[in-house]
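For reference, the chains in residue letters:
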Amino acid sequence: MGIERRAFLAGTAAFAAVGPAAAMDKGPAMYGLIGKMTAQPGKRDALAAILVDGVAGMPGCLSYVVANDPADAEVIWITEVWTSKDAHQASLALPSVREAISKGRPLIAGMERIAETVPIGGSGLTAGK
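Residues numbered from 1 in each chain as written. Predicted model: local features only at pLDDT ≥ 70, side-chain atom pairs only at ≥ 80, totals over all residues. Heavy atoms only, no water.

Draft legend 1. Representation of the nonpolar core. By size, the foremost hydrophobic cluster in this structure holds 10 residues: M37, A39, L47, A48, I50, L51, I76, I78, A100 and L107. Of all elements in the fold, only β1 (31–39), α2 (44–53) and β3 (75–82) reach the threshold of two or more residues within this core. Of all the elements, α2 adds the most residues to this core, at four residues. When near neighbours in sequence (up to four residues on either side) are disregarded, L47 contacts M37, A39, I76, G104, L107 and I108. (Core = buried A, V, L, I, M, F, W, Y, C linked by side-chain atoms within 4.5 Å. Buried < 20%, exposed > 50% of the residue type's maximum accessible area, 1.4 Å probe, protein only. Helix = DSSP H or I, 4+ residues; strand = E, 2+ residues; numbered from the N terminus. Contact = heavy atoms within 4.5 Å.)

Draft legend 2. Seen up close, the sheet that holds β3. An order of β2-β3-β1-β4 is seen for the four strands of this open sheet, with the pairing classed as antiparallel. In the strand order of this sheet, the two ends are held by β2 (61–68) and β4 (108–117), each with one partner. Averaged over all pairs of adjacent strands, the angle between their axes in this sheet comes to 15°, without regard to strand direction. (Pairing = 2+ DSSP bridges. Axes fitted to C-alpha atoms, helices over the stretch in contact; angles between N-to-C directions.)

Draft legend 3. Expanded view of the environment of T38. Of note, T38 is situated in strand β1. Overall, the relative accessible area of 24% leaves T38 in the partly exposed class. Sequence spacing of T38 and I108 is 70 residues, and the spatial spacing of their C-alpha atoms is 6.1 Å.

Draft legend 4. Structural view of α2. Those residues of α2 lying buried are R44, L47, A48, I50 and L51. Projected down its long axis, α2 shows its buried positions confined to an angular sector of 160°, all on one face. More than 90 degrees from the buried face of α2, the exposed residues found are D45 and D53. If you follow the buried residues of α2, they end up packed against β1, β2, β3, α4 (95–104) and β4. (Arc of directions from axis to C-beta.)

Draft legend 5. Layout of the side chain of E80. Here E80 is to be found in strand β3. As a buried residue without a salt bridge, E80 has its nearest oppositely charged side chain in R113, at a separation of 7.0 Å. Discounting chain neighbours no more than four positions away, the residues touching E80 are Y31, G32, L33, S63, Y64 and H88. (Lys, Arg positive; Asp, Glu negative; His and termini not counted. Salt bridge = Lys/Arg side-chain N within 4 Å of Asp/Glu carboxyl O.)

Draft legend 6. Structural context of the side chain of S91. Among the structural elements, S91 can be located in helix α3 (residues 85–91). Here S91 falls in the buried class, since its relative accessible area comes to 3%. Excluding residues within four positions of it along the chain, S91 makes contact with M58, W82 and V97.

Spelled out as structure tokens, the structure:
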């Protein structure tokens, strides 16, 4: 049995109004980023290895995923989840991150910040952590 469109829209609007407030009650909001990085021709694997190796032990980092784009041999997608925006900002001063940036910079042809997000949970994440 299908749901009537008007009921669906009303329910969605009610959830949208209550959902963010409920998530905020659980503590500070997590911070997320989705980025797209284009490597110099033939350098994607080397760049990805630098990104993966340079992220171990970052305080406040809940998830840092580096993924190859199956449709473009030079593109890498980076999805990050942090305990807060401040934790992400502080990570940029870590020696391991600064070294990864220094090593990786010559291999990068382009970078795009696709989206900032406010993660609310999911597999491997606990809301409010």
